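Given next are the chains, with one letter for each unit.
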Amino acid sequence: MLREVLGRAMGPPPSRGSSDVRPFMAPRDDYDDDQDELSPLPWDKFFSEKRDVPINAGKDVFRVYSSGTEGPMFIMFHGGGYTAMTWAVVIRKLQRSSTPNRVLAFDCRAHGGTVTEDISDMSLEKQTDDAVQLIAAVCGEGDTSEKVFVGHSMGAAVATAVCGSGKVKGITGLVVIDVVEGTAMASLSAMQLYIDKIPTSFNSAEDAVRWSLTSRSAKTRKAARVSTPDRIQPAPDTTLSKWVWRTDLLRTEPYWRGWYQGMSQRFLACPVRKVLMLAGTDRLDTALTIAQMQGKFRLIVLPDCGHCIQEDDPQKTAETLLDMVRKVVIPVRMPVVVQHAAY
């Protein structure tokens, strides 16, 4: 099932075209060892730059995070209800690698620090157009440098659509994380019931981090401390002293089916190296099962992870991405099953 579906509201608009650039040094791991710490971790522990990029003639301003100055670029597409911070721990591992690489992660419309004129249209077509414009604004129109798309859940549907559109040049790889058309479509009927079980507010950011860990929504403390706080904001009603979800995913219900319908064929049709990372082989649908047996993509299974693989096992996620740009030749006919993910 699509595990994370969230609650409400947009944050204050960022200043248009602004940026926050800080020298990036490999962060110390002091906080990694504190098993009781719940305080939020800031973005600049993981990324070197944060900026707000206008597109659509300045009507929409997208929050963008980046790191690295040379090498292939990983472009990250987060899932519904998440933000670019879901990639933070993976990005830190990528940047510590001996393989030069660049990273671009952004908050999609109606999520995180991105502010758009219309927050209601979350269709696959609209999100695809957003991504095409944003990549052109950041990389330059017609840029042909090497790019690998990495998408989780809803973001994987968008990444696949952009990859297949032919509107972005230089794409050499596509990594899809824990979403398969058949399973996603079958899960949609239960989504609202799942959403109803999620708390709508918290007393503090630490309280939200605690919930994400105890509910097993997140399985690693580092990821929970950087990802969860970015998904909440102070309640609009200042008398409540509560924190609420930034994104109301229920408002996107009219688009759920459109995100995933036909995704398997779009994925298989993309003329690039492909990897599918899943938390269980039961998630494979018929089309992908046949294609995997034919060696059309690499399958990696991490049964100890939840839906958010990049947060639950950032080490294996980073290794998989680096294999893509290192052009490592790996047999694809047999799935790779990784046991005992590092929690």
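Residues numbered from 1 in each chain as written. Predicted model: local features only at pLDDT ≥ 70, side-chain atom pairs only at ≥ 80, totals over all residues. Heavy atoms only, no water.

Caption draft 1: Here's a closer look at the packing of aromatic side chains. Using the criterion set out here, one finds 10 aromatic pairs in the structure. Residues W43 and Y65 carry aromatic rings whose centres are separated by 6.1 Å and whose planes lie at 55° to one another, so their mutual orientation is tilted. Highlighted residues: W43 in the loop between β1 (19-21) and β2 (49-55) and Y65 in strand β3 (residues 60-67), separated in sequence by 22 residues. The burial state of W43 is the same as that of Y65; both residues are buried. Taken together through their ring pairs, the aromatic side chains of F62, F77, F106 and F149 make up a single cluster. (Phe/Tyr/Trp six-rings, centres within 6.5 Å; stacked < 30°, edge-to-face > 60°. Helix = DSSP H or I, 4+ residues; strand = E, 2+ residues; numbered from the N terminus. Buried < 20%, exposed > 50% of the residue type's maximum accessible area, 1.4 Å probe, protein only.)

Caption draft 2: Structural detail: the nonpolar core. The biggest cluster of nonpolar side chains holds 54 residues, and the ones touching the most others in it are F77, F149, W259, Y260 and L276. Counting residues per element, this core draws most heavily on helix α3 (residues 154-165), at 8 residues. Each residue touching F149, except ones within four places of it in the same chain, is listed here: I75, F77, I135, A159, V162, C163, V168, I171, G173, L174 and V175. Listed in part, the 35 residues of the second largest apolar core include L41, A88, I91 and L321. (Core = buried A, V, L, I, M, F, W, Y, C linked by side-chain atoms within 4.5 Å. Contact = heavy atoms within 4.5 Å.)

Caption draft 3: Region of interest: the side chain of T160. Here T160 lies in helix α3. Classification of T160 by relative accessible area gives buried; the value is 0%. With residues near it in sequence (within four places) discarded, T160 still touches L174, V176, M263, R266, F267 and C270.

Caption draft 4: View of helix α12 (residues 314-326). Compared with an ideal rise of 1.5 Å per residue, which puts 13 residues at 18 Å, α12 spans 18 Å between its outermost C-alpha atoms and is within 8% of the ideal. Taken across its 13 residues, α12 has 10 buried, putting it largely inside the fold. After α12 finishes, the residue K327 shows a positive phi value of roughly 60°. (Expected span 1.5 Å × (residues − 1).)

Caption draft 5: Main features of the packing of helix α2 (residues 124-139) against α3. Look at α2 against α3: their axes get within 9 Å of each other, and the N-to-C directions meet at 65°. Between α2 and α3, the angle is such that the two are roughly perpendicular. Like other packed secondary-structure pairs, α2 and α3 cross with a definite hand, here right-handed. Residues L124, Q127, T128, A131 and V132 of α2 pack against M154, A157, V158, A161, V162 and S165 of α3. In terms of residue class, the contact of α2 with α3 is made up of 8 nonpolar, 3 polar and no charged. (Axes fitted to C-alpha atoms, helices over the stretch in contact; angles between N-to-C directions. Parallel < 35°, antiparallel > 145°, perpendicular 65-115°, else oblique. Left-handed = near helix turned anticlockwise from the far one by under 90°. Nonpolar A, V, L, I, M, F, W, Y, C, P; charged D, E, K, R; others polar.)

Caption draft 6: Fine view of the environment of G58. Structurally, G58 is set in the loop between β2 and β3. Residue G58 is classed as partly exposed on the basis of its relative accessible area of 28%. Remark: the alpha-carbon pair of G58 and T116, spanning 58 residues in sequence, is separated by 9.4 Å.

Caption draft 7: The arrangement of the pairing of strand β11 (residues 273-278) in detail. Of all 6 residues in β11, 5 are buried; the element is thus mostly enclosed. As paired elements, strand β7 (residues 171-177) and β11 share 5 bridges and run parallel to each other. Within β11, the residue paired with G173 across the bridge is R273. (Pairing = 2+ DSSP bridges.)

Caption draft 8: Seen up close, unusual backbone geometry. Phi at A57 takes a positive value of approximately 60°, unusual for a residue other than glycine. Take A57: it is sitting in the loop between β2 and β3. On the basis of relative accessibility, which here comes to 82%, the residue A57 falls in the exposed class.

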